[in-house]
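So you can see what is in the structure, the chains are spelled out below.
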Amino acid sequence: MMGPQHALSGAATWLAGSWVAAQFFDYPQSATTIAVGAAVCAGGALLPDLDMSGKVTKGQGGSTVSRSFGVASLFVAEVIEKISVGVYTATKLSKDPDRHNGHRTLTHTLPFAALMGFGSIWLCTRYGRWAVIGILFFMFGFALRGLFDKWADRAGWVIVTITSGAAAYFAFNFLPSENRGYPMIGLAVGVGCIVHLMGDIVTRAGVPILWPIPTGRRMWRMIGLPDTFAIEAGSKVETTVLRTVFTIISLVAGAGLLAPALLKRFDIEL
């Protein structure tokens with residue numbers, strides 16, 4: 001699945017989950033908290049693709065998320081890709097094929113998603129204000145690059161970076177003062193990563209969702225839908241059908257979350 005659809009699926013999942021939490025588990029959230037959570041989840045849904053590097057010196061290529069902050073993020077993606085292929089090579093079993101790149105390996109696993117989620121909570125709890133702002137900065141930057149991909153391409157990484165920094169600073173000041181939403185931030189990052197894995201599972205290449213559990217002398221077995229049902233990354237099914245579905249879910253869930261507050265504000269009873 002391509003970057004924009006990954007980001008949109010993350011936002012849709014968070015909005016739908018927030019609506020379910022409010023309706024069935026009596027867990028209301030402020031509009032600001034919902035918006036921040038949706039943005040962080042959208043950014044987290046791009047995070048696993050940091051294992052896809054491009055041309056660092058030219059500032060070209062790579063995944064959507066790798067281009068978020070220009071040469072700096074492309075360099076990070078290059079490092080992560082090399083680490084990923086190194087871990088793959090060191091841990092592969094006899095039936096695992098040789099690989100020369102690390103895309104869809106280490107960062108496309110459940111342990112990585114858990115590390116990102118719990119790691120974010122730990123950083124926020126341990127280091128407070130600047131850790132929260134830092135995580136929001138990166139997640140907002142990823143979300144901008146994914147949700148508004150055409151605008152981000154035109155604006156360039158400098159504008160994306162400035163916008164992300166300003167948004168992260170102001171978002172921090174509007175989050176609940178008690179713990180500044182640490183669990184929510186970590187949960188949104190982790191859920192975003194898992195949503196990314198689910199998105200890639202429906203494609204033909206699949207992801208090593210079972211790692212590090214060996215199966216049939218393979219450590220890195222790619223799990224995905226059968227070719228008959230799988231979609232091709234970048235196909236019309238993804239860019240049109242799935243994008244439309246994710247957009248509708250986001251709009252319906254968002255309306256469901258905002259409606260009670262609006263009705264209360266204007267003293268309307270149903």
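For the structure given in this document, a descriptive report is provided here. (Residues numbered from 1 in each chain as written. Predicted model: local features only at pLDDT ≥ 70, side-chain atom pairs only at ≥ 80, totals over all residues. Heavy atoms only, no water.)

**Comments concerning the nonpolar core**
Thought 1: Among the nonpolar cores identified, the biggest contains 41 residues, and Val36, Val40, Leu47, Val132, Leu136, Phe140 and Phe142 are the most heavily contacted of them.
Thought 2: When residues of this core are traced back to their parent elements, those giving at least two are helix H1 (3-24), helix H2 (31-44), helix H4 (110-127), helix H5 (129-147), helix H7 (157-174), helix H8 (182-201) and helix H9 (236-265).
Thought 3: With nine residues, the top contributor of residues to this core is H5.
Thought 4: Every residue in contact with Phe142, bar those within four places of it in the chain, is listed here: Gly43, Leu46, Leu47, Leu50, Val65, Ser68 and Phe69. (Core = buried A, V, L, I, M, F, W, Y, C linked by side-chain atoms within 4.5 Å. Buried < 20%, exposed > 50% of the residue type's maximum accessible area, 1.4 Å probe, protein only. Helix = DSSP H or I, 4+ residues; strand = E, 2+ residues; numbered from the N terminus. Contact = heavy atoms within 4.5 Å.)

**Describing the pattern of salt bridges**
Thought 1: The final tally for this structure, using the stated rule, is six salt bridges.
Thought 2: Put simply, Lys92 and Asp98 hold a salt bridge, and the shortest N to O gap is 3.1 Å.
Thought 3: Relative accessible area serves as the criterion here: at 61%, Asp98 is assigned to the exposed category.
Thought 4: Connected through shared salt-bridge partners, Glu78, Glu81 and Lys82 make up one network. (Salt bridge = Lys/Arg side-chain N within 4 Å of Asp/Glu carboxyl O.)

**Observations concerning the packing of H2 against H8**
Thought 1: Two elements in contact, H2 and H8, have axes separated by 7 Å at closest approach and are oriented at 40°. For the pair H2 and H8, the crossing hand works out as right-handed. Where H2 approaches H8, its residues Thr33, Val36, Gly37, Val40, Cys41 and Gly44 are matched on the opposing element by Met184, Ile185, Ala188, Val189, Val191, Gly192 and Cys193.
Thought 2: Of the residues in the contact of H2 with H8, the class split is nine nonpolar, four polar and no charged. (Axes fitted to C-alpha atoms, helices over the stretch in contact; angles between N-to-C directions. Left-handed = near helix turned anticlockwise from the far one by under 90°. Nonpolar A, V, L, I, M, F, W, Y, C, P; charged D, E, K, R; others polar.)

**Remarks on the side chain of Ser164**
Thought 1: As for its position among the elements, Ser164 is in helix H7.
Thought 2: A polar side-chain atom of Ser164 sits 3.3 Å from the main-chain amide nitrogen of Gly141.
Thought 3: Among all residues touching Ser164, those that are not within four sequence positions of it are Phe69, Phe137, Phe140, Gly141 and Leu144. (Polar contact = N/O pair within 3.5 Å; in protein donor to acceptor, adjacent residues only side chain to side chain.)

**Details of the packing of H4 against H5**
Thought 1: Between H4 and H5, the least distance of the axes is 6 Å, while the angle of their chain directions is 145°. Of the residues in H5, those touching H4 at Ser120, Leu123, Cys124 and Tyr127 are Arg129, Trp130, Ala131, Val132 and Ile135.

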